[in-house]
Amino acid sequence: MPKVLLTGFDAFGGATLNPSWLAVRALHGRQVLGHKIVAAQLPTVFDASLRVLDDLLRTHRPALAICVGQAGGRSAISLERVAINVNDAPIADNVGAQPVDTAVWPDAPAAYFSGLPIKAMHAALRAEGIAVEVSQTAGTFVCNHVFYGLMHTIASRRALRGTRGGFIHVPWLPEQGTPNMALDAIVRGLHLAVRCALGVRRDQATAAGATH
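Chemist: Just give me the short version of the overall build of the protein chain, but keep the residues and values in it.
Modeler: Looking only at helices and strands, one finds five helices and 11 strands in the protein chain. In terms of C-alpha radius of gyration, the protein chain reaches 16 Å, essentially the compact-globule figure of 17 Å for 212 residues. Along the longest, intermediate and shortest principal axes, the C-alpha atoms of the protein chain span 45 × 40 × 35 Å. Across the 212 residues in the protein chain, those meeting the buried criterion constitute 51%. Carbon and sulfur atoms make up 51% of the accessible area of the protein chain, which amounts to about 9,600 Å² in all.

Structure follows, in structure tokens:
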């Protein structure tokens, strides 16, 4: 059975939980449109996160790979449009590293667009009453680092030629602060996002951009 790889992060910044991991873990083992979901946790560490992700991609060779991260301060599930080739950490990662103005991948493209049908996913989640947005930035911390690393690996590795990938940010849980989203809503939103990504090969051309 072909695989869908979902990754979430461990807690960081003094927190004791990370909704990205709790949500993808809840989907582990489920089947969607003939694909089996495999969930795995990445460390919130710049270099180690990509080593773990690389091992997962080599092991599972997924048809679809979606990395999920936490975005405190956002009120909706954020479908990320673009990954940029820069690390500029506002805080240290979980081993104390805080790279500033370095490349995720030296001598690689400045950016990659998501391989997901983000407009169709946006419409699917909205139709189910789940707060969702298309985001133009995944930040410059470990989330963007992983997003860029995922897209560069897919683009450059022949064995992953048929793999599509992208990144989704999720809000805090209610116990973490405001704004927030209940875990069951996040899980439902990710499940719908996976289903849409598997079922839609050509994205919609609908407006979901930003004015600033």
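And the narrative resumes.
Chemist: If you had to explain the nonpolar core to someone new, which residues and values would you point to?
Modeler: Residues L6, L64, I66, M121, I168, L190 and V194 are the most contacted members of the largest nonpolar core, which totals 36 residues. Per element, the largest residue contribution to this core is nine residues, and it comes from helix 5 (residues 183–199). Leaving out residues up to four positions away in the same chain, L64 has contacts with K3, V4, L5, L116, T163, R164, V194, A197 and L198.

Chemist: Before we move on, can you summarise the side chain of T7 with the specific residues and values?
Modeler: Its location among the elements puts T7 in strand 1 (residues 3–9). The residues touching T7, leaving out its near neighbours within four places in the chain, are V24, A40, L42, L53, L56, I66, C67 and V68.

Chemist: How would you sum up the side chain of H169? Please name residues and give values.
Modeler: Mapped onto the secondary structure, H169 falls in strand 11 (residues 164–170). Given the relative accessible area of 3%, H169 is considered buried. Within the local environment of H169, its side chain forms a polar contact with the side chain of E80, the two groups lying 2.7 Å apart. Leaving out residues up to four positions away in the same chain, H169 has contacts with G69, Q70, A71, R74, A76, I77, S78, E80, A138 and C143.

Chemist: Break down the environment of K3 for me, with residues and values.
Modeler: By the secondary structure assignment, K3 is in strand 1. Looking at K3, the relative accessible area reads 25%, which means it is partly exposed. Taking the C-alpha atoms as reference, K3 lies 6.7 Å from H60; in sequence the two are 57 residues apart. Not counting chain neighbours up to four residues away, the residues in contact with K3 comprise H35, K36, V38, H60, P62, A63 and L64.

Chemist: Got a sec to walk through the packing of helix 2 (residues 46–60) against helix 4 (residues 142–156)? Specific residues and values, please.
Modeler: Packing of helix 2 against helix 4 brings their axes to within 10 Å, and their N-to-C directions diverge by 35°. Considering the relative orientation of helix 2 and helix 4, their crossing is right-handed. Where helix 2 abuts helix 4, its residues F46, D47, S49, L50, L53, D54 and L57 lie against V142, H145, V146, G149, L150 and T153.

Chemist: Talk me through the pattern of salt bridges; I want residue IDs and the actual numbers.
Modeler: Evaluated as defined, the whole model comprises three salt bridges. Each member of the salt-bridge network shares a partner with another, and the members are D54, R58 and R157.

Chemist: Got a sec to walk through the packing of aromatic side chains? Specific residues and values, please.
Modeler: Following the criterion strictly, the structure yields four aromatic pairs and no others. Aromatic pair Y112 and Y148: ring centres 5.1 Å apart, planes at 55°, arrangement tilted. Taken together, the residues span a long stretch of sequence, with Y112 in strand 9 (residues 111–113) and Y148 in helix 4 at a distance of 36 residues. For Y112, a relative accessible area of 15% corresponds to the buried category.

Conventions and cut-offs
Residues numbered from 1 in each chain as written. Predicted model: local features only at pLDDT ≥ 70, side-chain atom pairs only at ≥ 80, totals over all residues. Heavy atoms only, no water. Helix = DSSP H or I, 4+ residues; strand = E, 2+ residues; numbered from the N terminus. Rg over C-alpha atoms; globule rule 2.2 N^0.38 Å. Buried < 20%, exposed > 50% of the residue type's maximum accessible area, 1.4 Å probe, protein only. Areas by Shrake-Rupley, 256 points an atom, 1.4 Å probe, with all protein chains shown as cover. Core = buried A, V, L, I, M, F, W, Y, C linked by side-chain atoms within 4.5 Å. Contact = heavy atoms within 4.5 Å. Polar contact = N/O pair within 3.5 Å; in protein donor to acceptor, adjacent residues only side chain to side chain. Axes fitted to C-alpha atoms, helices over the stretch in contact; angles between N-to-C directions. Left-handed = near helix turned anticlockwise from the far one by under 90°. Salt bridge = Lys/Arg side-chain N within 4 Å of Asp/Glu carboxyl O. Phe/Tyr/Trp six-rings, centres within 6.5 Å; stacked < 30°, edge-to-face > 60°.

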